[in-house]
Amino acid sequence: MLRYAYFPGCSSKSTSLEYHISCKKVAEKLGINLIELENSNCCGTHVMEDYNKKIWLALNARNLALAEEKKCDLATICSSCYLNSKKAKIILDNDEEKKREINQILKKINRKYYGNVKIKHILEILVKDYGIERLKEKITMPLDIKAVPYYGCQIIRPPEITNFDDPENPSTFETLLDALGCEVISLPQRTECCGAPLTLIDQKLYHSMLKKLLNSLVQSNADCIVTLCPLCHHALDSGQIIFKLKRKIPVLHITQIIGLALGLSPKEIALDKNLVETKPLIKKSTY
Amino acid sequence: MRINFNSEIAEELKKLGADVYKCYQCGTCTGDCPVAQVNPIFNPRKIMLLASFGVDSILESNIAWLCSTCYKCTSLCPRDVKPSEVLGAIRNLSIARNENNTGTRFAKNFAEIIKNYGILSEVKLAIKLKGIVGSARMLPSEVAWKMLRKGKVSTAKSPAAGEVKKIFEMVE
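Peer 1: Help me understand the domain arrangement of chain A in this model?
Peer 2: Where the parts come together, the accessible area they lose is often given as the size of the interface. Residue and element names in this part refer to chain A. You can read the domains of chain A as domain 1 (3-120) and domain 2 (132-285). Of the residues lining the interface, 23 residues belong to domain 1; the matching set on domain 2 comes to 24 residues. Elements represented by at least two residues in the side of domain 1 that touches domain 2 include exactly α1 (17-30) and α4 (79-94). Of all the elements, α1 adds the most residues to the side of domain 1 that touches domain 2, at ten residues. Looking at the side of domain 1 that touches domain 2, its residues break down into ten nonpolar, eight polar and five charged.

Peer 1: Looking at this structure, how should I read the domain arrangement of chain B?
Peer 2: All names here are of chain B. The assigned domain composition of chain B is domain 1 (8-96) and domain 2 (102-171). Using only C-alpha atoms to locate each centre, domain 1 and domain 2 end up separated by 28 Å. Taken together, the contacts link six residues of domain 1 with five residues of domain 2. The class makeup of the residues in the side of domain 1 that touches domain 2 is three nonpolar, two polar and one charged.

Peer 1: Would you explain the environment of A:Ile105 in this entry?
Peer 2: Locating A:Ile105 in the fold gives a position in helix α5 (residues 96-107). With residues near it in sequence (within four places) discarded, A:Ile105 still touches A:Ala58, B:Ile167, B:Met170 and B:Val171.

Peer 1: I keep staring at the sheet that holds strand β8 (residues 251-253) of chain A and nothing clicks. Help me out?
Peer 2: Sheet strands pair by backbone hydrogen bonding; their relative direction is either parallel or antiparallel. All names here are of chain A. Here four strands make up an open sheet; going across it, the order is β6-β5-β7-β8 and the pairing parallel. Edge positions in the open sheet fall to β6 (183-184) and β8, since each of these has one partner strand only. The pairing of strand β7 (residues 224-227) with β8 spans three bridges and is classified as parallel. Directly across from Val 226, in β8, lies its bridge partner Leu 252.

Peer 1: What's the story with the packing of helix α3 (residues 53-69) of chain A against α5(A) in this structure? I'm lost.
Peer 2: When two helices pack together, their arrangement is captured by the angle between the axes and the distance separating the axes. Residue and element names in this part refer to chain A. Orientation of α3 relative to α5, taken along the N-to-C sense of each, is 70°, at an axis distance of 10 Å. Judged by the angle between their axes, α3 and α5 are roughly perpendicular. In terms of crossing hand, the pair formed by α3 and α5 is right-handed. For the pair α3 and α5, the contacting residues are Leu 57, Ala 58, Ala 61, Arg 62 and Ala 65 in the first and Ile 102, Ile 105 and Leu 106 in the second. Of the residues that constitute the contact of α3 with α5, the class distribution is seven nonpolar, no polar and one charged.

Peer 1: I'm lost on the interface of chain B and chain A in this one. Help?
Peer 2: At the junction of the two partners, chain B supplies 53 residues and chain A supplies 50 residues. If you list the elements that add at least two residues to the side of chain B that touches chain A, you get α3 (34-38), α6 (72-76), α7 (83-96), α8 (102-117), α9 (122-136), α10 (141-149) and α11 (161-171) of chain B. Considered class by class, the residues forming the side of chain B that touches chain A number 30 nonpolar, 14 polar and nine charged.

Peer 1: In this structure, what is going on with the pairing of β7(A)? I would like to understand it.
Peer 2: Side-chain positions along a regular strand alternate between the two faces of the sheet. Residues and elements named next belong to chain A. Of the two faces of β7, the one carrying Cys 224 and Val 226 and the one carrying Ile 225 and Thr 227 are both buried. Pairing analysis gives four bridges linking strand β5 (residues 146-150) to β7, with the strands arranged parallel. Opposite Ala 147, over in β7, you have Cys 224 as the bridge partner. The parallel pair β7 and β8 is bridged by helix α10 (residues 230-242), and the resulting crossover is right-handed.

Conventions used here
Residues numbered from 1 in each chain as written. Chains lettered and ligands numbered in written order. Predicted model: local features only at pLDDT ≥ 70, side-chain atom pairs only at ≥ 80, totals over all residues. Domains from an automatic or database assignment. Contact = placed C-beta atoms within 7 Å. Helix = DSSP H or I, 4+ residues; strand = E, 2+ residues; numbered from the N terminus. Nonpolar A, V, L, I, M, F, W, Y, C, P; charged D, E, K, R; others polar. Pairing = 2+ DSSP bridges. Axes fitted to C-alpha atoms, helices over the stretch in contact; angles between N-to-C directions. Parallel < 35°, antiparallel > 145°, perpendicular 65-115°, else oblique. Left-handed = near helix turned anticlockwise from the far one by under 90°. Buried ≥ 20, exposed ≤ 12 C-beta atoms within 10 Å, placed from the backbone. Right-handed = clockwise from strand over helix to strand, strands pointing away.

Dropping the structure here:
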(Lines give C-alpha, C1' and ligand atoms only; values in the text may rest on other atoms or scores of the structure.)
Protein backbone atom coordinates (compact mmCIF):
# COMPACT_ATOMS: atom_id res chain seq x y z
CA MET A 1 0.00 0.00 0.00
CA LEU A 2 1.25 3.50 -0.84
CA ARG A 3 1.91 5.53 2.30
CA TYR A 4 2.68 9.23 2.61
CA ALA A 5 3.12 11.81 5.31
CA TYR A 6 0.43 14.24 4.23
CA PHE A 7 1.27 17.94 4.56
CA PRO A 8 -2.00 19.78 3.83
CA GLY A 9 -0.65 23.36 4.05
CA CYS A 10 -2.21 26.50 5.53
CA SER A 11 -5.01 27.09 3.02
CA SER A 12 -6.42 23.59 3.54
CA LYS A 13 -7.93 25.00 6.74
CA SER A 14 -9.41 28.04 5.07
CA THR A 15 -9.71 29.12 1.42
CA SER A 16 -9.19 25.59 0.11
CA LEU A 17 -11.01 23.51 2.63
CA GLU A 18 -12.59 21.52 -0.20
CA TYR A 19 -9.18 20.57 -1.63
CA HIS A 20 -8.20 18.99 1.68
CA ILE A 21 -11.57 17.22 2.11
CA SER A 22 -11.62 15.82 -1.43
CA CYS A 23 -7.97 14.78 -1.28
CA LYS A 24 -8.56 12.64 1.79
CA LYS A 25 -11.68 11.07 0.24
CA VAL A 26 -9.97 10.28 -3.05
CA ALA A 27 -6.95 8.75 -1.31
CA GLU A 28 -9.23 6.61 0.81
CA LYS A 29 -11.13 5.43 -2.26
CA LEU A 30 -7.92 4.57 -4.09
CA GLY A 31 -6.36 2.88 -1.08
CA ILE A 32 -3.56 5.41 -0.63
CA ASN A 33 -2.65 5.87 3.02
CA LEU A 34 -2.25 9.58 3.82
CA ILE A 35 -0.94 10.07 7.34
CA GLU A 36 -1.79 13.68 8.11
CA LEU A 37 0.91 15.80 9.72
CA GLU A 38 -1.40 17.64 12.09
CA ASN A 39 1.50 19.51 13.65
CA SER A 40 3.09 20.70 10.40
CA ASN A 41 3.93 24.38 9.96
CA CYS A 42 3.65 26.89 7.14
CA CYS A 43 6.28 26.37 4.41
CA GLY A 44 6.81 30.13 4.63
CA THR A 45 6.64 30.58 0.85
CA HIS A 46 9.12 32.99 -0.73
CA VAL A 47 8.00 35.59 1.81
CA MET A 48 9.72 33.89 4.73
CA GLU A 49 12.71 33.23 2.49
CA ASP A 50 12.84 36.98 1.83
CA TYR A 51 12.37 37.75 5.50
CA ASN A 52 14.99 35.43 6.92
CA LYS A 53 16.58 32.58 4.98
CA LYS A 54 17.63 30.65 8.07
CA ILE A 55 14.15 30.65 9.62
CA TRP A 56 12.65 29.68 6.26
CA LEU A 57 15.08 26.78 5.96
CA ALA A 58 14.43 25.59 9.52
CA LEU A 59 10.65 25.75 9.04
CA ASN A 60 10.87 23.54 5.97
CA ALA A 61 13.41 21.21 7.59
CA ARG A 62 10.97 20.78 10.48
CA ASN A 63 8.20 19.63 8.13
CA LEU A 64 10.60 17.26 6.39
CA ALA A 65 11.71 15.90 9.76
CA LEU A 66 8.06 15.25 10.70
CA ALA A 67 7.64 13.20 7.52
CA GLU A 68 10.83 11.28 8.25
CA GLU A 69 9.47 10.45 11.71
CA LYS A 70 6.55 8.75 9.94
CA LYS A 71 9.07 6.90 7.76
CA CYS A 72 7.49 7.90 4.48
CA ASP A 73 7.66 10.51 1.73
CA LEU A 74 5.96 13.86 2.03
CA ALA A 75 2.76 14.41 0.06
CA THR A 76 1.60 17.94 -0.66
CA ILE A 77 -1.42 19.41 -2.45
CA CYS A 78 -0.01 22.92 -2.73
CA SER A 79 2.45 24.07 -5.37
CA SER A 80 4.05 26.57 -3.03
CA CYS A 81 4.57 23.98 -0.28
CA TYR A 82 5.95 21.70 -2.99
CA LEU A 83 8.48 24.21 -4.29
CA ASN A 84 9.57 25.48 -0.89
CA SER A 85 10.02 22.01 0.63
CA LYS A 86 11.96 20.89 -2.44
CA LYS A 87 14.13 23.98 -2.53
CA ALA A 88 14.95 23.63 1.17
CA LYS A 89 15.74 19.94 0.72
CA ILE A 90 18.17 20.66 -2.15
CA ILE A 91 19.97 23.26 -0.02
CA LEU A 92 20.16 21.00 3.04
CA ASP A 93 21.24 17.88 1.12
CA ASN A 94 24.03 19.68 -0.72
CA ASP A 95 25.50 21.72 2.10
CA GLU A 96 26.62 19.71 5.13
CA GLU A 97 27.45 22.82 7.11
CA LYS A 98 24.01 24.32 6.61
CA LYS A 99 22.38 21.03 7.45
CA ARG A 100 24.36 20.85 10.70
CA GLU A 101 23.43 24.43 11.52
CA ILE A 102 19.72 23.78 10.93
CA ASN A 103 19.84 20.51 12.86
CA GLN A 104 21.27 22.39 15.83
CA ILE A 105 18.13 24.51 15.77
CA LEU A 106 15.87 21.48 15.33
CA LYS A 107 17.61 19.72 18.21
CA LYS A 108 16.17 22.29 20.61
CA ILE A 109 12.69 21.13 19.62
CA ASN A 110 13.72 17.46 19.61
CA ARG A 111 13.66 16.99 15.84
CA LYS A 112 16.26 16.00 13.30
CA TYR A 113 16.42 16.17 9.54
CA TYR A 114 18.33 13.25 8.00
CA GLY A 115 17.70 13.71 4.28
CA ASN A 116 15.82 10.51 3.44
CA VAL A 117 12.47 12.01 2.59
CA LYS A 118 11.23 12.76 -0.93
CA ILE A 119 8.63 15.42 -1.69
CA LYS A 120 5.69 14.67 -3.96
CA HIS A 121 2.74 16.65 -5.24
CA ILE A 122 -0.59 14.81 -5.35
CA LEU A 123 -0.59 14.92 -9.19
CA GLU A 124 2.80 13.24 -9.20
CA ILE A 125 1.59 10.61 -6.72
CA LEU A 126 -1.45 9.77 -8.82
CA VAL A 127 0.26 9.68 -12.20
CA LYS A 128 3.70 8.34 -11.32
CA ASP A 129 3.36 6.35 -8.07
CA TYR A 130 -0.20 5.07 -8.30
CA GLY A 131 -0.19 4.87 -12.08
CA ILE A 132 -2.63 5.87 -14.78
CA GLU A 133 -3.63 2.32 -15.70
CA ARG A 134 -4.46 1.45 -12.11
CA LEU A 135 -6.41 4.68 -11.76
CA LYS A 136 -8.40 3.93 -14.92
CA GLU A 137 -9.53 0.63 -13.41
CA LYS A 138 -11.07 2.51 -10.49
CA ILE A 139 -13.11 4.91 -12.61
CA THR A 140 -16.81 4.22 -12.40
CA MET A 141 -18.11 7.47 -13.89
CA PRO A 142 -16.04 8.46 -16.94
CA LEU A 143 -16.41 12.20 -17.34
CA ASP A 144 -17.92 13.42 -20.56
CA ILE A 145 -16.89 17.02 -20.00
CA LYS A 146 -14.46 19.56 -21.40
CA ALA A 147 -11.74 20.44 -18.92
CA VAL A 148 -9.00 23.07 -18.97
CA PRO A 149 -5.94 22.03 -16.96
CA TYR A 150 -4.24 24.96 -15.25
CA TYR A 151 -0.71 24.32 -13.97
CA GLY A 152 0.16 27.75 -12.67
CA CYS A 153 3.78 28.34 -11.75
CA GLN A 154 5.41 26.73 -8.80
CA ILE A 155 4.89 23.08 -9.66
CA ILE A 156 6.79 23.40 -12.93
CA ARG A 157 9.17 26.29 -12.26
CA PRO A 158 11.99 26.70 -11.63
CA PRO A 159 12.55 23.35 -13.35
CA GLU A 160 15.95 22.71 -11.76
CA ILE A 161 14.21 22.63 -8.38
CA THR A 162 10.79 21.13 -9.01
CA ASN A 163 12.05 18.81 -11.78
CA PHE A 164 8.44 17.94 -12.43
CA ASP A 165 7.65 18.24 -16.12
CA ASP A 166 8.62 20.24 -19.22
CA PRO A 167 8.26 23.84 -17.94
CA GLU A 168 7.32 25.12 -21.40
CA ASN A 169 4.95 22.40 -22.46
CA PRO A 170 3.95 20.19 -19.55
CA SER A 171 1.67 17.19 -20.11
CA THR A 172 1.28 15.25 -16.82
CA PHE A 173 -1.99 16.96 -15.95
CA GLU A 174 -3.41 16.37 -19.44
CA THR A 175 -2.56 12.66 -19.14
CA LEU A 176 -4.52 12.44 -15.92
CA LEU A 177 -7.59 14.35 -17.15
CA ASP A 178 -7.61 12.29 -20.33
CA ALA A 179 -7.65 9.11 -18.23
CA LEU A 180 -10.74 10.39 -16.42
CA GLY A 181 -12.53 10.59 -19.77
CA CYS A 182 -12.39 14.38 -20.11
CA GLU A 183 -11.97 16.20 -23.37
CA VAL A 184 -8.81 18.12 -22.48
CA ILE A 185 -8.45 21.70 -23.70
CA SER A 186 -4.76 22.44 -23.33
CA LEU A 187 -4.18 26.20 -23.55
CA PRO A 188 -0.83 28.04 -23.76
CA GLN A 189 -2.05 30.12 -20.77
CA ARG A 190 -2.05 27.06 -18.53
CA THR A 191 1.41 27.97 -17.30
CA GLU A 192 0.75 31.72 -16.93
CA CYS A 193 0.81 33.26 -13.47
CA CYS A 194 -2.51 34.17 -11.79
CA GLY A 195 -0.80 36.89 -9.76
CA ALA A 196 -2.28 35.76 -6.43
CA PRO A 197 0.94 36.19 -4.41
CA LEU A 198 0.54 39.93 -5.02
CA THR A 199 -2.93 40.15 -3.44
CA LEU A 200 -1.78 42.06 -0.36
CA ILE A 201 1.09 43.92 -2.02
CA ASP A 202 -0.70 45.48 -4.97
CA GLN A 203 -4.27 44.38 -5.44
CA LYS A 204 -4.76 46.39 -8.62
CA LEU A 205 -1.80 44.70 -10.24
CA TYR A 206 -3.01 41.28 -9.08
CA HIS A 207 -6.43 41.96 -10.57
CA SER A 208 -5.04 43.00 -13.96
CA MET A 209 -3.01 39.79 -14.16
CA LEU A 210 -5.90 37.63 -13.05
CA LYS A 211 -8.42 39.27 -15.37
CA LYS A 212 -6.16 38.75 -18.37
CA LEU A 213 -5.68 35.09 -17.50
CA LEU A 214 -9.34 34.42 -16.69
CA ASN A 215 -10.50 35.95 -19.95
CA SER A 216 -8.46 33.48 -21.96
CA LEU A 217 -9.38 30.48 -19.80
CA VAL A 218 -13.10 31.24 -19.81
CA GLN A 219 -13.22 31.85 -23.57
CA SER A 220 -12.18 28.24 -24.13
CA ASN A 221 -15.78 27.05 -23.94
CA ALA A 222 -14.81 24.44 -21.35
CA ASP A 223 -17.10 23.02 -18.67
CA CYS A 224 -14.52 23.52 -15.96
CA ILE A 225 -11.02 24.67 -15.10
CA VAL A 226 -8.95 22.29 -12.97
CA THR A 227 -6.17 23.48 -10.66
CA LEU A 228 -3.22 22.02 -8.73
CA CYS A 229 -2.66 24.77 -6.17
CA PRO A 230 -4.99 26.24 -3.52
CA LEU A 231 -3.87 29.79 -4.18
CA CYS A 232 -4.43 29.55 -7.95
CA HIS A 233 -7.79 27.96 -7.23
CA HIS A 234 -8.95 30.74 -4.98
CA ALA A 235 -7.84 33.35 -7.52
CA LEU A 236 -9.59 31.74 -10.49
CA ASP A 237 -12.72 30.87 -8.50
CA SER A 238 -13.24 34.20 -6.71
CA GLY A 239 -11.97 36.23 -9.69
CA GLN A 240 -14.91 35.27 -11.88
CA ILE A 241 -17.31 36.73 -9.29
CA ILE A 242 -15.12 39.77 -8.57
CA PHE A 243 -14.98 40.67 -12.28
CA LYS A 244 -18.67 39.79 -12.75
CA LEU A 245 -17.91 37.60 -15.76
CA LYS A 246 -21.02 36.94 -17.82
CA ARG A 247 -20.05 33.35 -18.42
CA LYS A 248 -18.66 31.68 -15.32
CA ILE A 249 -17.17 28.21 -15.30
CA PRO A 250 -16.59 26.08 -12.21
CA VAL A 251 -13.01 25.76 -10.98
CA LEU A 252 -12.29 22.33 -9.55
CA HIS A 253 -9.33 21.09 -7.56
CA ILE A 254 -7.60 18.11 -9.14
CA THR A 255 -8.91 15.85 -6.36
CA GLN A 256 -12.49 17.03 -6.89
CA ILE A 257 -12.54 16.07 -10.57
CA ILE A 258 -10.98 12.69 -9.77
CA GLY A 259 -13.58 12.24 -7.04
CA LEU A 260 -16.35 12.74 -9.58
CA ALA A 261 -14.85 10.10 -11.88
CA LEU A 262 -14.50 7.70 -8.96
CA GLY A 263 -18.21 8.04 -8.27
CA LEU A 264 -17.89 9.98 -5.02
CA SER A 265 -20.87 12.17 -4.23
CA PRO A 266 -20.61 15.97 -4.70
CA LYS A 267 -20.97 16.35 -0.92
CA GLU A 268 -18.09 13.94 -0.23
CA ILE A 269 -15.74 16.01 -2.37
CA ALA A 270 -17.17 19.27 -1.00
CA LEU A 271 -18.29 20.70 -4.34
CA ASP A 272 -20.68 22.90 -2.37
CA LYS A 273 -17.71 24.85 -1.04
CA ASN A 274 -16.52 26.17 -4.40
CA LEU A 275 -17.50 29.77 -5.04
CA VAL A 276 -18.61 29.55 -8.69
CA GLU A 277 -21.71 27.34 -8.83
CA THR A 278 -20.76 23.70 -9.57
CA LYS A 279 -24.28 22.30 -9.97
CA PRO A 280 -24.42 22.50 -13.80
CA LEU A 281 -21.16 20.56 -13.96
CA ILE A 282 -22.36 17.95 -11.46
CA LYS A 283 -25.49 17.48 -13.54
CA LYS A 284 -23.46 17.05 -16.70
CA SER A 285 -20.91 14.67 -15.22
CA THR A 286 -23.36 12.39 -13.44
CA TYR A 287 -25.78 12.10 -16.41
CA MET B 1 16.35 62.92 -9.10
CA ARG B 2 19.47 62.06 -7.14
CA ILE B 3 20.82 58.59 -7.68
CA ASN B 4 22.99 56.89 -5.09
CA PHE B 5 25.41 54.29 -6.37
CA ASN B 6 26.48 51.67 -3.94
CA SER B 7 28.73 48.95 -5.34
CA GLU B 8 28.22 46.97 -2.14
CA ILE B 9 24.74 46.03 -3.29
CA ALA B 10 25.90 43.74 -6.10
CA GLU B 11 28.54 42.26 -3.81
CA GLU B 12 26.02 41.65 -1.09
CA LEU B 13 23.64 40.12 -3.61
CA LYS B 14 26.45 37.81 -4.69
CA LYS B 15 26.85 36.64 -1.10
CA LEU B 16 23.17 35.81 -1.13
CA GLY B 17 23.74 33.69 -4.23
CA ALA B 18 22.65 36.11 -6.95
CA ASP B 19 25.32 36.99 -9.52
CA VAL B 20 23.82 39.95 -11.29
CA TYR B 21 27.07 40.75 -13.17
CA LYS B 22 26.39 37.80 -15.48
CA CYS B 23 23.41 39.63 -17.01
CA TYR B 24 24.00 40.89 -20.60
CA GLN B 25 20.72 42.80 -20.76
CA CYS B 26 18.96 40.74 -23.42
CA GLY B 27 15.54 41.36 -21.82
CA THR B 28 14.22 37.79 -22.04
CA CYS B 29 13.12 38.13 -18.41
CA THR B 30 11.03 41.20 -19.13
CA GLY B 31 9.60 39.83 -22.36
CA ASP B 32 8.15 36.83 -20.56
CA CYS B 33 7.27 38.48 -17.27
CA PRO B 34 3.52 38.33 -16.53
CA VAL B 35 3.79 41.35 -14.23
CA ALA B 36 5.63 43.48 -16.82
CA GLN B 37 2.93 42.63 -19.35
CA VAL B 38 0.30 44.42 -17.31
CA ASN B 39 2.52 46.98 -15.57
CA PRO B 40 5.58 48.14 -17.55
CA ILE B 41 6.97 49.90 -14.46
CA PHE B 42 8.09 46.46 -13.31
CA ASN B 43 11.00 45.70 -15.63
CA PRO B 44 13.26 42.84 -14.45
CA ARG B 45 15.96 43.64 -17.06
CA LYS B 46 16.21 47.17 -15.72
CA ILE B 47 16.25 45.94 -12.12
CA MET B 48 19.20 43.63 -13.00
CA LEU B 49 21.04 46.64 -14.43
CA LEU B 50 20.29 48.88 -11.46
CA ALA B 51 21.37 46.10 -9.10
CA SER B 52 24.70 45.73 -10.88
CA PHE B 53 25.23 49.52 -10.69
CA GLY B 54 24.24 49.38 -7.04
CA VAL B 55 21.44 51.92 -7.21
CA ASP B 56 19.98 52.25 -3.72
CA SER B 57 16.44 52.93 -4.91
CA ILE B 58 15.88 49.25 -5.70
CA LEU B 59 16.14 48.52 -1.99
CA GLU B 60 14.16 51.52 -0.81
CA SER B 61 11.25 51.26 -3.23
CA ASN B 62 8.64 48.60 -3.44
CA ILE B 63 9.76 47.44 -6.88
CA ALA B 64 11.31 44.04 -6.07
CA TRP B 65 8.17 43.12 -4.15
CA LEU B 66 6.04 43.39 -7.30
CA CYS B 67 7.51 40.11 -8.57
CA SER B 68 4.80 37.44 -8.50
CA THR B 69 7.40 34.64 -8.10
CA CYS B 70 6.29 32.75 -11.21
CA TYR B 71 9.96 31.88 -12.00
CA LYS B 72 9.49 32.31 -15.75
CA CYS B 73 12.53 34.57 -16.01
CA THR B 74 14.66 32.09 -14.11
CA SER B 75 13.67 29.18 -16.33
CA LEU B 76 14.32 31.17 -19.52
CA CYS B 77 17.38 33.31 -18.74
CA PRO B 78 20.17 32.43 -21.24
CA ARG B 79 22.85 33.62 -18.80
CA ASP B 80 21.51 31.69 -15.83
CA VAL B 81 21.31 34.91 -13.81
CA LYS B 82 18.16 33.60 -12.11
CA PRO B 83 16.43 36.99 -12.03
CA SER B 84 13.80 35.74 -9.57
CA GLU B 85 16.60 34.82 -7.17
CA VAL B 86 18.17 38.27 -7.65
CA LEU B 87 14.81 39.85 -6.87
CA GLY B 88 14.56 37.62 -3.81
CA ALA B 89 18.03 38.69 -2.71
CA ILE B 90 17.07 42.35 -3.15
CA ARG B 91 14.02 41.78 -0.95
CA ASN B 92 16.21 39.97 1.56
CA LEU B 93 18.61 42.88 1.66
CA SER B 94 15.84 45.43 2.02
CA ILE B 95 14.56 43.53 5.07
CA ALA B 96 18.08 43.34 6.50
CA ARG B 97 18.47 47.09 6.04
CA ASN B 98 15.14 47.70 7.69
CA GLU B 99 13.64 49.56 4.74
CA ASN B 100 10.05 50.64 5.22
CA ASN B 101 7.80 50.03 2.23
CA THR B 102 4.67 48.02 1.39
CA GLY B 103 6.77 44.95 0.65
CA THR B 104 8.85 44.91 3.81
CA ARG B 105 5.78 45.65 5.94
CA PHE B 106 4.01 42.75 4.25
CA ALA B 107 6.89 40.35 4.94
CA LYS B 108 7.31 41.45 8.56
CA ASN B 109 3.62 41.00 9.32
CA PHE B 110 3.58 37.67 7.50
CA ALA B 111 6.51 36.49 9.61
CA GLU B 112 4.88 37.66 12.82
CA ILE B 113 1.79 35.56 12.09
CA ILE B 114 3.85 32.45 11.35
CA LYS B 115 5.90 33.06 14.51
CA ASN B 116 2.83 33.21 16.73
CA TYR B 117 0.47 30.76 15.06
CA GLY B 118 2.68 28.33 13.11
CA ILE B 119 0.49 28.66 10.04
CA LEU B 120 -0.75 31.54 7.93
CA SER B 121 -4.23 32.93 8.19
CA GLU B 122 -4.91 35.10 5.14
CA VAL B 123 -7.59 37.08 6.91
CA LYS B 124 -5.37 37.85 9.89
CA LEU B 125 -2.64 39.10 7.57
CA ALA B 126 -5.07 41.26 5.62
CA ILE B 127 -6.43 42.85 8.81
CA LYS B 128 -2.92 43.50 10.15
CA LEU B 129 -1.95 45.26 6.93
CA LYS B 130 -5.13 47.03 5.94
CA GLY B 131 -7.32 47.13 9.03
CA ILE B 132 -10.81 45.66 9.26
CA VAL B 133 -12.45 48.21 6.96
CA GLY B 134 -9.62 48.08 4.42
CA SER B 135 -9.69 44.27 4.35
CA ALA B 136 -13.46 44.19 3.97
CA ARG B 137 -13.11 46.46 0.93
CA MET B 138 -10.75 44.00 -0.75
CA LEU B 139 -13.49 41.54 -1.63
CA PRO B 140 -17.00 42.21 -2.94
CA SER B 141 -19.47 41.40 -0.16
CA GLU B 142 -20.87 38.55 -2.26
CA VAL B 143 -17.52 36.75 -2.21
CA ALA B 144 -16.75 37.55 1.43
CA TRP B 145 -20.17 36.37 2.54
CA LYS B 146 -19.90 33.15 0.53
CA MET B 147 -16.50 32.41 2.04
CA LEU B 148 -17.75 32.98 5.57
CA ARG B 149 -20.84 30.86 5.05
CA LYS B 150 -18.82 27.99 3.56
CA GLY B 151 -16.36 28.01 6.45
CA LYS B 152 -13.43 29.21 4.30
CA VAL B 153 -12.16 31.84 6.68
CA SER B 154 -9.95 30.63 9.48
CA THR B 155 -7.87 32.19 12.22
CA ALA B 156 -6.80 28.87 13.71
CA LYS B 157 -3.51 28.27 15.45
CA SER B 158 -1.42 25.25 14.48
CA PRO B 159 -0.31 22.71 17.10
CA ALA B 160 3.12 23.53 15.63
CA ALA B 161 3.01 27.07 17.03
CA GLY B 162 5.13 26.41 20.12
CA GLU B 163 7.98 24.79 18.21
CA VAL B 164 7.82 27.37 15.45
CA LYS B 165 8.13 30.21 17.96
CA LYS B 166 11.23 28.53 19.40
CA ILE B 167 12.77 28.37 15.90
CA PHE B 168 12.19 32.10 15.45
CA GLU B 169 13.61 32.93 18.87
CA MET B 170 16.73 30.87 18.25
CA VAL B 171 17.51 32.55 14.93
CA GLU B 172 16.40 36.14 15.55
